[in-house]
Amino acid sequence: MILILLWALAIDPPDFRIARSIPAELTHNVDAVLRHHNQVFTHRGAGQGTMTVTRVVTVLNADGRQYADLVHHYNAFSSVRDISGTLYDADGKVLRRLRNRDIIDRKAFDSGTLMSDIRLKHGSARHTVYPYTVEWTYEVRYTGFVDFPYWNTTYGRMALEWARYEVVTQPGTPVQWAWTNGGPEPEISRDERKEQHVWTLRNRLPRDLQPLSSGALARSYLVVNSPLFRMQEAGTLDSWQAFGTWSHRLWLDRQTLPAEEIAQVRSMTATAADTREKVAIIYRYMQSQTRYVSIQLGLGGWQTETAAATSVSKYGDCKALTNYMMALLKAVGIDSHPVLINRGHDESDLFTGFAHNRFNHVILQVRLDDVETMYLECTSKTYPPGYLGSDNAARQGLLILPDGGRLVTIPDAAAEQNRQTRVIDLEVSNLGSATATVDTRYTGFQHERFRYIQHELNARDRDMAIRNQVAVPGQTITAIGLEVDPATDQARIQARFGISRFGSWAGGRLILAPNLLERPKFSTPPVENRVDPIDLGYAYEDTDTVRIRIPEGLRPDPLPEPIRLETDFGSYTVDYAFENGLFLFVRRLRIDRYRLEAERYADVRAFLTAVTTTDSRRVVFVRN
């Protein structure tokens, strides 16, 4: 029996090394296939653990080469060792054994980060004949962590054949887990020596986002932890309050400032009318004194630099700048507290079933009085006081208080706060050419890109970006300017230009498209089996008023009927008028609910299709 088993093993190499053994359905419209991924994490106590990984990827074409690379980050609390790799041809024959010289050890961040102990191991095995397969094995040892290593098996255009994540703990150790976008439950087994949780995935194609969906849906992470953890400082994830207590210890007694700076901010705010004005004065002072840089060193990835050190260096990461702002407010008797959030338009929402570390940023909450709260983004040098930005809004965060943590919802902005209001005056010649003046005002989230254009781009790129906002075919711009209000979330673009062919003549009729600039392109193809929730970005309101001076002796034939579309998630209206040679077109689009259930896709598609059709409507003018 033993001889038969050895003989079978000798003639039957593992299927995952042979490209033709991939199920045919997994090769459709992908660049690589994750054949085999086995990740085992052994928890040895608070902050202590070992992870072993075996990962095998078959590359189908040149675009899939990146998926076969080894990329693993580590820091002061982890180390990567015992890396080995093997390159196979399509038939599973060994082409090359990968050695230490094939592994690059480098900084994880090349720019934008002043100091960091986060590094990565990068191994690459490339071949020119496809398909080919790369196998990696390595071990990671941890001396500090909050959550266990997360599990993220596929991304981009890579299919998955088989993947497994095993978490091994001591008997009786509580284990908590959740998927960001859904996944299988674990198989759980126990004996007197250990407890095992095993998640398995098989035969999955990459996630193609359906139209009007958030990019966060394309990624599915498994987060696992045990309540007791250690990151140099011991803590517990028994509750959000307990996690907040650990976080608060990292911020404790780090808000001391030089006496002369305390005197300065007290003098600056002595005549302020109220708390809000004091906060605004100090916020602008903080912006003028500091700049953002990323610093990730040891516990510094979690713990803020002292306010005194930031006062001297004049730079810091999000924690340091938030802490510095806290200290400045404390100097004039204003209470404030940090809030941990997961920032980013395409970042997953926080799941609240159990406490875990799902944060990448910190902002500041300021209590103006017993009722009103203000939030500050301390990493921006240009935001007005109290403006957070669209990538921070409408998400849950962990408010860090002396008595622990508490989940809070960061405010969103309603449609009336995110406005684009445009007025266009056009004069059309008998030849169909036109001259135009445009005045567009932006508020809230709609103004953000212009604040970036104004402050972050060089002169050439800034001019090009502004011109793109009023671009139409056959245009000659004679004047254009951008104004961004430093004190409020508002921007304004004014322009004058000529259009060589705004209207066209056909059989004695002048044909015009009055909606000159605002024609958003919504991707709304039919979708069967819609599963992704709908994401329209954010709530907003657009109003375009277009006044067109028509050549004498012409009138619309006919004057178009007004449009009225009303839904529970938004509205769209278009009005037309004509009097004394002046044609008036007024368009209003408002989105109130921008996140909707998947089953509402047909309603949203019908609404946006009607908007697109009407936006392109032309008006015919004939002689009186």
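Residues numbered from 1 in each chain as written. Predicted model: local features only at pLDDT ≥ 70, side-chain atom pairs only at ≥ 80, totals over all residues. Heavy atoms only, no water.

Notes on the overall build of the chain
Working step 1: Within the chain, the secondary structure is distributed over nine helices and 38 strands.
Working step 2: For the chain, the spread of C-alpha atoms along the principal axes amounts to about 100 × 70 × 45 Å.
Working step 3: Looking at the 624 residues of the chain, the share that counts as buried comes to 50%.
Working step 4: Sequence-distant contacts in the chain: of pairs separated by 6 or more residues, those separated by 24 or more amount to 71%.
Working step 5: One way to put it: in the chain the 73 positive side-chain charges average out to a point 5 Å from where the 74 negative ones average out. (Helix = DSSP H or I, 4+ residues; strand = E, 2+ residues; numbered from the N terminus. Buried < 20%, exposed > 50% of the residue type's maximum accessible area, 1.4 Å probe, protein only. Contact = heavy atoms within 4.5 Å. Lys, Arg positive; Asp, Glu negative; His and termini not counted. Charge placed at Lys NZ, Arg CZ, Asp CG, Glu CD.)

Describing the pattern of salt bridges
Working step 1: Counted according to the given criterion, the structure contains 35 salt bridges.
Working step 2: Salt-bridge contacts for R547 lead to D425; the nearest nitrogen and oxygen are separated by 2.8 Å. Here the residue R547 occupies a position in strand β32 (residues 540–549), and D425 occupies one in strand β25 (residues 419–428), the gap between them amounting to 122 residues.
Working step 3: Among the residues examined, R547 registers a relative accessible area of 31% and is labelled partly exposed.
Working step 4: For the salt bridge of R590 with D592, the shortest nitrogen-to-oxygen distance reads 2.7 Å.
Working step 5: One salt-bridge network, held together by shared partners, links E416, R419, E541, R590 and D592. (Salt bridge = Lys/Arg side-chain N within 4 Å of Asp/Glu carboxyl O.)

Thoughts on the environment of L596
Working step 1: Mapped onto the elements, L596 comes out in strand β37 (residues 595–596).
Working step 2: Each C-alpha atom of the pair L596 and K107 lies 41 Å from the other, and the pair is 489 residues apart in sequence.

So, the side chain of S78
Working step 1: For S78, the location among the structural elements is in strand β4 (residues 78–88).
Working step 2: The exposure class assigned to S78 is buried, which follows from its relative accessible area of 13%.
Working step 3: Engagement of the side chain of S78 in a polar contact is seen with the backbone nitrogen of N75, the distance being 3.1 Å.
Working step 4: Setting aside residues no more than four positions away along its own chain, S78 makes contact with V140, R141 and Y142. (Polar contact = N/O pair within 3.5 Å; in protein donor to acceptor, adjacent residues only side chain to side chain.)

So, the environment of R81
Working step 1: Summarising the element assignment, R81 is placed in strand β4.
Working step 2: The exposure class assigned to R81 is partly exposed, which follows from its relative accessible area of 33%.
Working step 3: Taking the C-alpha atoms as reference points, R81 and T52, 29 residues apart in sequence, are found 9.8 Å from one another.

Some remarks on the sheet that holds strand β8 (residues 119–123)
Working step 1: Strand order in the open sheet formed by three strands is β3-β8-β6, and the pairing between neighbours is antiparallel. Edge positions in the open sheet fall to β3 (70–74) and β6 (103–107), since each of these has one partner strand only. Each strand axis lies, on average, 20 degrees off the axis of its neighbour in the sheet, ignoring direction.
Working step 2: As defined by bridge partners, β6 adjoins β8 across five bridges and the pair is classed as antiparallel. Its bridge partner being in β8, I104 is matched across the sheet by H122. (Pairing = 2+ DSSP bridges. Axes fitted to C-alpha atoms, helices over the stretch in contact; angles between N-to-C directions.)

Re the domain arrangement of the chain
Working step 1: Segmentation of the chain into domains returns domain 1 (2–207 + 220–226), domain 2 (235–410) and domain 3 (415–623).
Working step 2: Computed over C-alpha atoms, the centres of domain 2 and domain 3 are 39 Å apart.
Working step 3: Taken together, the contact between domain 2 and domain 3 spans 11 residues of the former and 12 residues of the latter.
Working step 4: Here domain 2 and domain 3 share an interface that buries about 880 Å² over both sides, 55% of which is from carbon and sulfur atoms.
Working step 5: Area buried by domain 2 at its contact with domain 3 is led by T382, P384 and Y387, which between them contribute 53% of it.
Working step 6: For the pair domain 2 and domain 3, the interface holds zero salt bridges.
Working step 7: Across the contact surface, domain 2 and domain 3 share four residue pairs in polar contact (both at pLDDT 80 or more). (Domains from an automatic or database assignment. Buried area = accessible area lost by both parts, 1.4 Å probe.)

Notes on the pairing of strand β13 (residues 195–204)
Working step 1: As paired elements, strand β10 (residues 158–169) and β13 share nine bridges and run antiparallel to each other. Within the sheet, the bridge partner assigned to A163 lies in β13 and is L201.
Working step 2: Alignment of strand β12 (residues 187–190) against β13, held across four bridges, turns out to be antiparallel. Bridged to E187 within β13 is V198.
Working step 3: The hairpin formed by β12 and β13 contains four residues between the paired strands.

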